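A look at the structure
This is what each chain is made of:
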Amino acid sequence: MNQVNDIREGAQKSVDEGIDSQSPEPLISISMEDNMHERFIELTVEDGYRWSELKIWYAVGYIELSTCTSTNFGFPFSSLLFAFNIAKNLLFPIPNNELKWNPKKAASDQNPDY
């Protein structure tokens, strides 16, 4: 909890006017939802961190990715532009060289939908 409040205190000091902001206030307790929200705020624009955490939280049962829509990812994406396939999007494609060099891996084929 101290680490979360340290980050929040840094955010209070980062206003343009050079004075401490009253927001965000220190937390007196923290839930998993609080932690997930803080991580969303801090890491949204960090390449790869957000997606890695979503996959971890899915794996341990904190979130359900298979029913996600465009708004669940924190941005107002058009649902016409949003396509999420849990079978494909949880795994990366296996590089073709790995499939070529490893006969056991080649026999099991590529990850789903690649």
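Refer to the preceding data block for the structure.
Cut-offs used in this document
- Residues numbered from 1 in each chain as written.
- Predicted model: local features only at pLDDT ≥ 70, side-chain atom pairs only at ≥ 80, totals over all residues.
- Heavy atoms only, no water.
- Helix = DSSP H or I, 4+ residues; strand = E, 2+ residues; numbered from the N terminus.
- Polar contact = N/O pair within 3.5 Å; in protein donor to acceptor, adjacent residues only side chain to side chain.
- Contact = heavy atoms within 4.5 Å.
- Buried < 20%, exposed > 50% of the residue type's maximum accessible area, 1.4 Å probe, protein only.
- Expected span 1.5 Å × (residues − 1).
- Arc of directions from axis to C-beta.
- Axes fitted to C-alpha atoms, helices over the stretch in contact; angles between N-to-C directions.
- Parallel < 35°, antiparallel > 145°, perpendicular 65-115°, else oblique.
- Left-handed = near helix turned anticlockwise from the far one by under 90°.
- Nonpolar A, V, L, I, M, F, W, Y, C, P; charged D, E, K, R; others polar.

Here we come to the side chain of Gln 110. Within the element layout of this structure, Gln 110 appears in the segment after helix 6 (103-108). A polar contact is formed between the side chain of Gln 110 and the backbone nitrogen of Ile 94, at a distance of 2.6 Å. Ignoring any residue separated from it by four or fewer positions in sequence, one finds Gln 110 in contact with Pro 93, Ile 94, Asn 96 and Leu 99.

Here we take up the environment of Asn 5. Inspection of the secondary structure assignment puts Asn 5 in helix 1 (residues 2-12). When its relative accessible area of 15% is taken as the criterion, Asn 5 is described as buried. Between the C-alpha atoms of Asn 5 and Glu 25, which are 20 residues apart in sequence, the distance is 8.2 Å. Beyond its immediate chain neighbours, meaning those up to four positions away, Asn 5 contacts Pro 26 and Leu 27.

Counted at 1.5 Å a residue, the expected span for helix 2 (residues 32-43) with its 12 residues is 16 Å, and the 16 Å between its end C-alpha atoms agrees. The complete set of buried residues in helix 2 reads Met 36, Glu 38 and Leu 43. All buried residues of helix 2 lie within an arc of 160° about the axis, which places them on one face of the element.

Here we come to the packing of helix 2 against helix 3 (residues 49-59). Remark: helix 2 packs on helix 3, axes separated minimally by 9 Å, with the N-to-C direction vectors making an angle of 160°. The angle between the axes of helix 2 and helix 3 places the two elements in the roughly antiparallel class. Between helix 2 and helix 3 lies a crossing of left-handed hand. The segment helix 2 lies against helix 3, with Met 32, Met 36, Arg 39, Phe 40 and Leu 43 engaging Tyr 49, Arg 50, Glu 53 and Trp 57. The residue inventory of the contact of helix 2 with helix 3, partitioned by class, reads 6 nonpolar, no polar and 3 charged.

Our next topic: helix 3. Looking only at helix 3, the buried set comprises Arg 50, Glu 53, Leu 54, Lys 55 and Trp 57. One or two positions beyond helix 3, positive phi appears at Gly 61, with a value near 90°.

This is a description of form; function is not addressed.
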